[in-house]
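Residue-level structure breakdown
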Amino acid sequence: MTAEPAVAPDHGPNTGGFTGTGGLAGAGEPDEAARQLYLSILAEGGRIPFTGVHETDHAALQQLVDIGLLMPNAMDACYTAVSPRSVSDRLGADLRSEATRLLVRAESLPGALDGLTRAYDAMPRPQGRAGGAVYVEGHVHIRQRISQLVSDCRTEVLTAQPGHRPADTLQVARLQDVQLLQRGCSLRTIYQPVAFADQPALAYADEVTRHGSLIRILDEPFQRLIVFDRTVAVISASEDNSTAAFITDPAAITFLVGAFERDWARADTTEAAAALGHGPARSTPDRVGRLLARGLTQRAVATRLGLSERTVAAHISRLRDRYGAQTLFQLGWLMRGSRDDR
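Since the structure is predicted, the reported quantities are computational estimates derived from the model, not experimental observations.

Some words on the overall build of the chain
In terms of helices and strands, the chain carries 13 helices and 10 strands. Residues counted as buried form 36% of the 342 residues belonging to the chain. In the chain, 68% of the contacts between residues at least 6 apart in sequence involve partners at least 24 apart. In the form shown here, the chain has an accessible surface area of approximately 20,000 Å², with 56% of it arising from carbon and sulfur atoms.

Examining the sheet that holds strand β3 (residues 78-81)
Strand order in the open sheet made by the three strands is β1-β3-β2, with antiparallel pairing throughout. Of all the strands in the sheet, the pair left with one neighbour each is β1 (47-49) and β2 (70-73). Direction aside, the axes of adjacent strands within the sheet are offset by 25 degrees on average. Looking at chain direction, β1 and β3 are connected through three bridges and run antiparallel. The residue bridging I48 from the neighbouring strand is Y79, located in β3. The sheet contacts of helix α2 (residues 58-67) involve β2 and β3, and relative to β2 the element is tilted by about 95 degrees.

Some points on unusual backbone geometry
The phi torsion at R230 lies on the positive side, around 55 degrees, for a residue other than glycine. With respect to the secondary-structure elements, R230 resides in the loop between β8 (225-228) and β9 (232-236). One non-glycine residue, N241, lies in the positive phi region at around 60 degrees. Within the secondary structure, N241 is located in the loop between β9 and β10 (243-247).

Here's the deal with the packing of helix α11 (residues 298-305) against helix α12 (residues 309-323)
In the contact formed by α11 and α12, the axes pass within 9 Å of each other and the chain directions differ by 115 degrees. By the angle class used here, α11 and α12 are roughly perpendicular. For the crossing formed where α11 meets α12, the hand is right-handed. From α11, Q298, R299, V301 and A302 reach across to α12, where they touch E309, V312, A313 and I316. When the residues that make up the contact of α11 with α12 are grouped by side-chain class, the tally is five nonpolar, one polar and two charged.

About the thresholds
Residues numbered from 1 in each chain as written. Predicted model: local features only at pLDDT ≥ 70, side-chain atom pairs only at ≥ 80, totals over all residues. Heavy atoms only, no water. Helix = DSSP H or I, 4+ residues; strand = E, 2+ residues; numbered from the N terminus. Buried < 20%, exposed > 50% of the residue type's maximum accessible area, 1.4 Å probe, protein only. Contact = heavy atoms within 4.5 Å. Areas by Shrake-Rupley, 256 points an atom, 1.4 Å probe, with all protein chains shown as cover. Pairing = 2+ DSSP bridges. Axes fitted to C-alpha atoms, helices over the stretch in contact; angles between N-to-C directions. Parallel < 35°, antiparallel > 145°, perpendicular 65-115°, else oblique. Left-handed = near helix turned anticlockwise from the far one by under 90°. Nonpolar A, V, L, I, M, F, W, Y, C, P; charged D, E, K, R; others polar.

As structure tokens, then:
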């Protein structure tokens, strides 16, 4: 007479590491708790009774069963360890199958969306009066319109971004701009030095430059500007940037592009590289000296560099000692003769 086999605990459907939607749940990689439980079962000879699992280990046990690293054995009323090599082979085949399915889906997606693409391309775009502009109010609506222009862009984006950019804006811009660059478009951006005082701005700049974007720093005041394909220009139409003008007039765009190219030619690639950790950093006293040599006052230098006037005064005092200057005018004159104008 044979013994009745024990009934294995109900673990639900064994998906082998897959979710019900066809995606991979961790691709068969157990978390740390599951790894430790598996190692402890191996230390016990690769078997553990159904009743030998501690209550706190149930989640890890379920994970090992789902992945296939443990097999319930109802005849012996225990869990038996399965070779990770065989699990890896099986899941590897599943991953390759899933990858093939996704590639086929990706190839067919443009055709599936072809009708919607044609409708999007035929969508009426807001047109301003000849020589005028379309004004858009509200940050949300401005971002939506700019996102549409980024999506439509085919060749080039020119941007001038003075001052700080909010972290949430940079997060959205990073996703959009990386996709833009991956489509083969070019992206050139001019910043002020103060922009790179923020870690989110540095992270954004590092990411887009790795994808081919060009960045320069201009230590002068300039206006916010974005130009798409030299056919649409976006400029701020209010002090708080809550209203933007979208310009399509060819003469106005030619003028704005010319202004951008002049600023681009004067902007500094050395400071941009230093800010991103790709080159030697220019010290704050040197930057103070460069601005003094341009004729800026102590207050203007402090405002430009985002420093207090007291800090700037301390830097000026040290620079006077270094150059032997008696007055601020003399210091600026002496530094003008020795500064690096690269």
